[in-house]
Amino acid sequence: MYFSDDPAFKGRRRELTAEDYVYTFKRFADPAVASPSWSEVEELELLGLNEYHAQVRKSGKPFDYDKPIEGLRALDRYTLQFRTKETRPRLMEVFAQGDLYGAVAREVIEAYPGDSMAHPVGTGPFVLKQWRRSSLMVLERNPHYRERFYDQEVDPAPDDAEGQALKARFKGRRLPMIDRVEIGVIEENQPRWLSFLNGEYDFIERTPEDFINQAMPNGKLAPNLAKQGKHAYRTVASDVLFTVFNLEDPLVGGYTPDKIALRRAIALAIDVERELRLVRRGQAIPAQSLYMPGTTGYDPAFKSDMSSFDPARAKALLDLYGYVDKDGDGWRDRPDGSPLVLESLTTPEQFQRQIDEIVQKNLNAVGLRIAFKPAKWPENLKALRAGRYQIWSLATSAAKPDGQDSLARMYSGQIGAQNYARFRLPAVDKLYDEASHLPDGPERLKIFDETKRYATAYMPYKYRGHRFITDIAQPQLIGYRRPQFWQNWWEYVDSDPDAAAKFKH
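Throughout what follows, the structure given in this document is the object of discussion. (Residues numbered from 1 in each chain as written. Predicted model: local features only at pLDDT ≥ 70, side-chain atom pairs only at ≥ 80, totals over all residues. Heavy atoms only, no water.)

Looking now at the pairing of strand 11 (residues 369-374). Bridge count for strand 10 (residues 341-346) against strand 11 is six bridges, and the pairing is parallel. Counterpart to L342 in the pairing with strand 11 is I370. For the crossover from strand 10 across helix 15 (residues 350-365) to strand 11, the handedness is right-handed. (Pairing = 2+ DSSP bridges. Helix = DSSP H or I, 4+ residues; strand = E, 2+ residues; numbered from the N terminus. Right-handed = clockwise from strand over helix to strand, strands pointing away.)

This part is about the nonpolar core. Generally speaking, nonpolar side chains in soluble globular proteins are found buried as a group. Residues V244, L342 and L363 are the most contacted members of the largest nonpolar core, which totals 61 residues. Element by element, the count of residues in this core is highest for helix 12 (residues 257-269), at six residues. Apart from residues no more than four positions distant in its own chain, L363 is found in contact with I266, A269, I270, L342, L368 and I370. In this structure, F25, L46, V56 and I109 belong to the second largest nonpolar core, which totals 21 residues. (Core = buried A, V, L, I, M, F, W, Y, C linked by side-chain atoms within 4.5 Å. Buried < 20%, exposed > 50% of the residue type's maximum accessible area, 1.4 Å probe, protein only. Contact = heavy atoms within 4.5 Å.)

Before going further, it helps to examine the pairing of strand 2 (residues 79-82). Pairing between strand 1 (residues 72-76) and strand 2: four bridges, direction antiparallel. Along strand 2, the bridge assignment pairs L72 with F82. Adjacent in sequence and paired antiparallel, strand 1 and strand 2 are bridged by two residues.

On to unusual backbone geometry. Among all residues save glycine, negative phi is the norm, and among peptide bonds the norm is trans. With omega at -5°, the peptide bond leading from L175 into P176 counts as cis. Checked against the element boundaries, P176 lands in the loop between helix 8 (161-169) and strand 5 (180-184). One non-glycine residue, A34, adopts positive backbone phi at about 55°. By the element assignment, A34 lies in the loop between helix 1 (18-29) and helix 2 (38-44). A relative accessible area of 58% places A34 in the exposed class. For S134, which is not a glycine, the phi torsion comes out positive at approximately 60°. Looking at the element boundaries, S134 is found in the loop between strand 3 (126-132) and strand 4 (136-141).

Let us now look at the sheet that holds strand 3. What links the strands of a sheet is backbone hydrogen bonding, and the strands pair in either a parallel or an antiparallel sense. As summarised here, the arrangement of the three strands in space is 3-4-5, forming an open sheet in which the pairing is antiparallel. Each having just a single partner strand, strand 3 and strand 5 make up the two edges of the open sheet. Here the average twist between neighbouring strands, direction ignored, is 15°. Where strand 4 lies against strand 5, five bridges are found, and the strand directions are antiparallel. Pairing of E140 across the sheet is with R180, part of strand 5. (Axes fitted to C-alpha atoms, helices over the stretch in contact; angles between N-to-C directions.)

Pasting the structure below:
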């Protein structure tokens, strides 16, 4: 396996080796890199790595990438050895996340100090040829890509007629089958949908909910689109919509009964079913817990207060804990009599504004005021990770089949990373640690069930829904199938201009 060409290699072909992975994983431990994923690597307790990270932080000296680390070694050119302090049954599942833990070449990182993100050099089937931020990404076939063949990798179930037909069609075809991929970034839903209808794109990923009735009336592809040869693919996503509260915020944070009551009252006051039905056009199912479809811990039969809409209970909770209108202006105040105004991050798109309007009406109906603070999504994410916010509503997707990442959202060791709520509870930390070391099975599932109860009781997050995703392809795109977790399908599809021509006449 070879890295794609780059000036950093000075004209030589550069093979991928085990040492590249040693270097890559060490980068997560380098304080100068400030990786938001360090907490996940730290948890694995690779022998010597955490200790060296702490030593570098304390001394302020540069990280020595040549220093041997006992738990992370290249035994030879192609063999990597991990050694951990305790058993880690899912360690390989963590490192299989190619988006985070794919190998980088040391020469490239050192050739572009602080700017390696703009010079991605990997070993994959495509190379980045053009990148206009927030607008366009162009990938082209990697001319030095290793030999891989469709039918040697793709193994559909015997009763999967479509999969078997594709395997027969692509027998002997080398991957990737297409030469170029152009990804258009269109933030507003209407122009994104119209550009696909106008034939400017071969494919639309996640048909916007506000156009789903036009695209998929009664759950079936619209007759006019079917006549044009378009194909629809609908799945329940391994994702969750949620509202997060900053547990360090002086108003909505804290662990005393009055603070918990405020968060639970806000959660009970929000009519999620209305959001899912009207704004999302029925393209989601209510969420009952932190765990996502397709992952360990998710149970479709589980029910909780996460999905409850009960303004009467919300008002009763607020009254009971002293959140009443003390100055007669029609709005509830804090128990000490000071004004109570909630503040939520939001994004400026029309689609999000419709959701915000529902939340505002719901909270106003129980006497709570809320102000929305719009900014671009990346800016909000920075504020979220830094703890400079009070409330935000967003979504996340699962990266792998295990539910531990979802549980990490309540683990104190992930504050500043996946624990957006900055939630800190020793009982939950203990359960998280137990789940980390246990093998898959009934005992671990019992832990996940217990954490669902903590999540509902303390309400650091209100989980709202799991979305249906509908992707639609033009007739010329052949072989698309949505992967469960990551969109790495480009190498498995082909383009057939004859199919497109057939539907133009």
